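# Topology and contacts: notes
Listed below, chain by chain, are the residues.
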Amino acid sequence: MTPADTGASPVVDATSTAVSVSVSDPDSGSDSDSRMAPGGPGYRRMSLALFLAGVATFALLYSTQALLPLISGDMGVTASDASWTVAAATGGLAVFVLPMSALSERFGRRTVMTASLAVAVTVGLLVPFAPSLPALVALRAVQGAALAGLPASATAYLAEEVRPRALVTAIGLFVAGNSVGGMSGRVITGWVAQEWGWRIAVGVIGLLAVACAVAFRLLLPAPRHFTPGSLRPRVLVRTVRDHLANPLLRRLYAIGALFMTVFGGVYTVIGYRLTEAPFSLSQGLIGSIFLVYLVGTVSSATAGRLVGRLGRRGALYLGGGTTAAGLLLSLAPSLPLVLLGLVLITAGFFAGHAVASSAVGKTAQHGRAQAAALYQSAYYVGSSAGSTVGAVAFHSGGWAGTVGVGVLAVLGVVAITVSGSLAARRQAAGSPVGALGVPR
C-alpha cells in the first residue's frame, strides 16, 4: 500500500525518493544497511516519538475548532470573527511549511522538529490567557507557523533513517498520530469546555502537547544518515517557480485547496449549527461529532483501490460527488441525516485528498519535496479560506450559506477534472495538452 493509499502526507513521495540516493540497493534488507527496521534497535522508540509528535501537532492546530461557539459567547464576537482562531493557525502553517522544509535541509530534521514543538507548546500554554480576540488570533498564527516544522521534517527524517521496506509503515504511524491528535483534541476540548469553559479546555490540550513534546525529544533517536546542505535560496526559488509553471501541478494544488475549503468550512461552522434549534446539543456532544474523522481513515485507505478501478479522474469525480451529496443531505432538519451528511463529506474529502496528494509526487519530475510542500501549503490555504468564508456565509445565510460555499468548491473540483479529461482526449488525438490537465 502506498502512502497515498493511507492518506499520508504528500511529502512521502518526495522524501522516499531520497533514500535510493544514499544506498546502492534501496530495497536491500541486509545487515549492511544501518538504517532502522521493525524489530531493530531504535525503531520502536522512533515510531512512538513521531506518533506523539503527530498527536501534539494536530491537537494544537485545531484545538479551538470545536470551541468556536463558546469563544463567540465569551468574547462577544460573531462566528466569522471567531473562525480566525482556526484560520490563523492553518494559515501560518501554510505560509511557513516551505521555508521550514528548507531549514530542515540545513540544520537537521530532529533539530527543526524539536524547535517547532518547543515554540508551539509554549504558545499553547499562553493561549488560555489571551485577553482579546486579536491577541488570541495572533498567538494562533505564531503557533501554526511553528508547527509547520513538523510535516516539513518528519517524513524526511523517516526516509533517511528507516529502511525503504519499512518506510510506509513508519510514515503510517506518524499519520495515525496526526489523525488521533486532530480527533482527540476536538473531542477532549468539547467535554472539558462543557464543564470548565474554553480556556481550561485549550489549556488541557497545551499540557497534553507539552507531555508529547518532552517524550518525543527523549525518545527520538539521533539521526545517523542526515547530511547538511546549504539553503541555496536561488535553487529553492527556481524549483518552486518550475513547479508553479507546471499546469498539471497547479491544477492538483487547486484541487487539494478546494477539497480542504469544503472540509474546513463545514467543521468550523458545524458547532454553531448544532447548538441551534432544532438540535440544541451540548458542547460535549458537539465535540464528539469529530469522531466522524474515523470515516476518513477508512476512505483514504481505500483511495488506492478506487484509483485502480476508476482511474484518478474517476476517483476525483466520486470523491467530489460524495462530498456534494453529504453537503446537500446536511441541510435536513434531522440529526441522523446531518450526521450521515458529515460522514459522506468526510469520506469524500479524504478520498479526494489522498488521490490528489499522491498524484503530486508522481507528476513532479524533480524537487519532489518542494512540490509536496507546495501542495501542503495550498491545502492549508484552503483550510484557512474555508474556515473564514464558511463562517462568513453562515453569519449571512445560515447553514445553507456554508453549504453553498462548499458546493461551489466541489463544482470547482469537477470543472478542473473535466478539463483534465478533455485534455487527455486531445493528447490521445495528438493535440497539445491543455493547461488544465489532471493526470489519469
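Data block above holds the structure.
The notes below deal with the structure included here. (Residues numbered from 1 in each chain as written. Predicted model: local features only at pLDDT ≥ 70, side-chain atom pairs only at ≥ 80, totals over all residues. Heavy atoms only, no water.)

### Some details on the overall build of the protein
Operational definition: Secondary structure elements follow DSSP: runs of H or I no shorter than four residues count as helices, runs of E no shorter than two count as strands, and numbering proceeds from the N terminus. Relative accessibility thresholds used throughout: buried, under 20% of the residue-type maximum; exposed, over 50%; partly exposed, between the two (1.4 Å probe, protein chains only). Whether two residues are in contact is decided by their heavy atoms: any pair within 4.5 Å suffices. Surface accessibility follows the Shrake-Rupley procedure with a 1.4 Å probe radius. Residue values consider only the protein chains on display as shielding.
Counting its secondary structure elements, the protein contains 17 helices and 0 strands. Out of the 440 residues in the protein, the part that is buried amounts to 57%. A separation threshold of at least 6 residues defines the contact pool for the protein, and within that pool the share at least 24 residues apart is 82%. If you sum the accessible surface of the protein, you get close to 16900 Å²; carbon and sulfur atoms cover 66% of it.

### Some details on the packing of helix 3 (residues 68–75) against helix 12 (residues 247–275)
This is how it is decided: To get an axis, fit a line to the C-alpha atoms, keeping to the stretch in contact for a helix; angles then go from 0 to 180 degrees between the N-to-C directions. The scheme is simple: roughly parallel for angles under 35 degrees, roughly antiparallel for over 145, roughly perpendicular for 65 to 115, oblique for anything else. For this classification, the nonpolar set comprises Ala, Val, Leu, Ile, Met, Phe, Trp, Tyr, Cys and Pro, the charged set comprises Asp, Glu, Lys and Arg, and every other residue, Gly included, is treated as polar.
Direction vectors running N to C along helix 3 and helix 12 enclose 75°, while the axes themselves pass 8 Å from each other. Relative to helix 12, the element helix 3 lies roughly perpendicular. Contacts from Leu 68, Pro 69 and Ser 72 in helix 3 reach Thr 268, Gly 271, Tyr 272 and Thr 275 in helix 12. Among the residues forming the contact of helix 3 with helix 12, the class breakdown is 3 nonpolar, 4 polar and no charged.

### Some thoughts on the environment of Trp 191
Here Trp 191 shows up in helix 9 (residues 164–196). The spacing of Trp 191 and Ser 288 is 97 residues in sequence and 8.2 Å in space, taken between C-alpha atoms. Dropping the residues within four chain positions of it, Trp 191 is found in contact with Gly 284, Leu 285 and Ser 288.

### Describing the pattern of salt bridges
Where side chains of opposite charge bring their charged atoms close, a pairing between them can arise. To keep it simple, the criterion reads: Salt bridges are counted wherever a side-chain nitrogen of Lys or Arg sits within 4 Å of a carboxyl oxygen of Asp or Glu.
As enumerated under the stated definition, the model contains 1 salt bridge in all. Residue Asp 74 pairs with Arg 199 through a salt bridge whose shortest N-O separation is 3.7 Å. Of this pair, Asp 74 sits in helix 3 while Arg 199 sits in helix 10 (residues 198–219); the two residues are 125 residues apart in sequence, bridging distant segments of the chain.

### Remarks on a nonpolar patch on the surface
Our working rule: Like charges within 9 Å and nonpolar side chains (Val, Leu, Ile, Met, Phe, Trp, Tyr) within 5 Å are joined into patches, using only residues over 30% in relative accessible area that form no salt bridge.
A grouping of Ile 188, Trp 196, Ile 200, Val 204 and Leu 208 is seen on the molecular surface, where their side chains present a nonpolar patch of about 440 Å² in accessible area. The biggest single contributor to the nonpolar patch is helix 10, with 3 residues. Mapped onto the elements, Ile 200 comes out in helix 10. By relative accessible area, which is 44% here, Ile 200 ends up partly exposed.

### Focus on the packing of helix 11 (residues 233–245) against helix 12
Two numbers describe how helix 11 lies on helix 12: the axes approach to 5 Å, and their chain directions differ by 85°. Relative to helix 12, the element helix 11 is oriented roughly perpendicular. Judged by residue contacts, His 243, Leu 244 and Ala 245 of helix 11 engage Pro 247, Leu 249, Arg 250 and Tyr 253 from helix 12.

### Points about the side chain of Thr 64
Keep this limit in mind: Nitrogen and oxygen atoms within 3.5 Å of one another constitute a polar contact, given that in protein one can donate a hydrogen and the other can accept it, and given that sequence-neighbouring residues count only through two side-chain atoms.
Tracing the backbone through its elements, the reader meets Thr 64 in the loop between helix 2 (43–61) and helix 3. A distance of 3.0 Å separates the side chain of Thr 64 from the side chain of Thr 85, its partner in a polar contact. Ignoring any residue separated from it by four or fewer positions in sequence, one finds Thr 64 in contact with Ile 71, Thr 85, Val 86, Arg 140 and Val 202.

### Here we look at unusual backbone geometry
Cis geometry is adopted by the peptide bond preceding Pro 278, which originates at Ala 277 and carries an omega value of 10°. Along the chain, Pro 278 turns up in the loop between helix 12 and helix 13 (283–288). One non-glycine residue, Ser 280, adopts positive backbone phi at about 55°. Residue placement: Ser 280 occurs in the loop between helix 12 and helix 13.

### Structural notes on helix 12
Inclusion rule: Any helix carries an expected span of 1.5 Å times its number of residues minus one. The angle between axes fitted to the seven residues ending at a residue and the seven residues starting there is what we call the bend at that residue.
Taking 1.5 Å of rise per residue, 29 residues should cover 42 Å, and helix 12 covers 43 Å from first to last C-alpha, within 8% of that figure. Helix geometry: helix 12 is bent most strongly at Val 269, by close to 40°. The element helix 12 is extensively covered by neighbouring structure, given that 23 of its 29 residues are classed as buried. Sitting at the head of helix 12, Asn 246 places a side-chain oxygen 2.8 Å from the backbone nitrogen of Leu 248.

### Brief notes about the packing of aromatic side chains
Where we set the bar: Aromatic rings from Phe, Tyr and Trp, taking only the six-membered ring of Trp, are treated as a pair when their centres fall within 6.5 Å; an angle between ring planes under 30 degrees marks them as stacked, one over 60 as edge-to-face, and anything in between as tilted.
Inspection of every chain in the model, using the stated rule, returns 10 aromatic pairs. Centre to centre, the rings of Phe 263 and Phe 350 are 5.6 Å apart; their planes meet at 80°, and the pair counts as edge-to-face. With Phe 263 in helix 12 and Phe 350 in helix 16 (residues 335–363), this pair connects stretches of sequence that are 87 residues apart. With a relative accessible area of 17%, Phe 350 lands in the buried category. Relative to Tyr 379, the ring of Phe 349 has its centre 6.3 Å away and its plane inclined at 25°; by these criteria the two rings are stacked. Placement of Phe 349 in helix 16 and of Tyr 379 in helix 17 (residues 368–428) is noted, with a sequence separation of 30 residues between them. As far as burial versus exposure is concerned, Phe 349 and Tyr 379 are alike and both buried.

The values are spatial; any link to function lies outside them.
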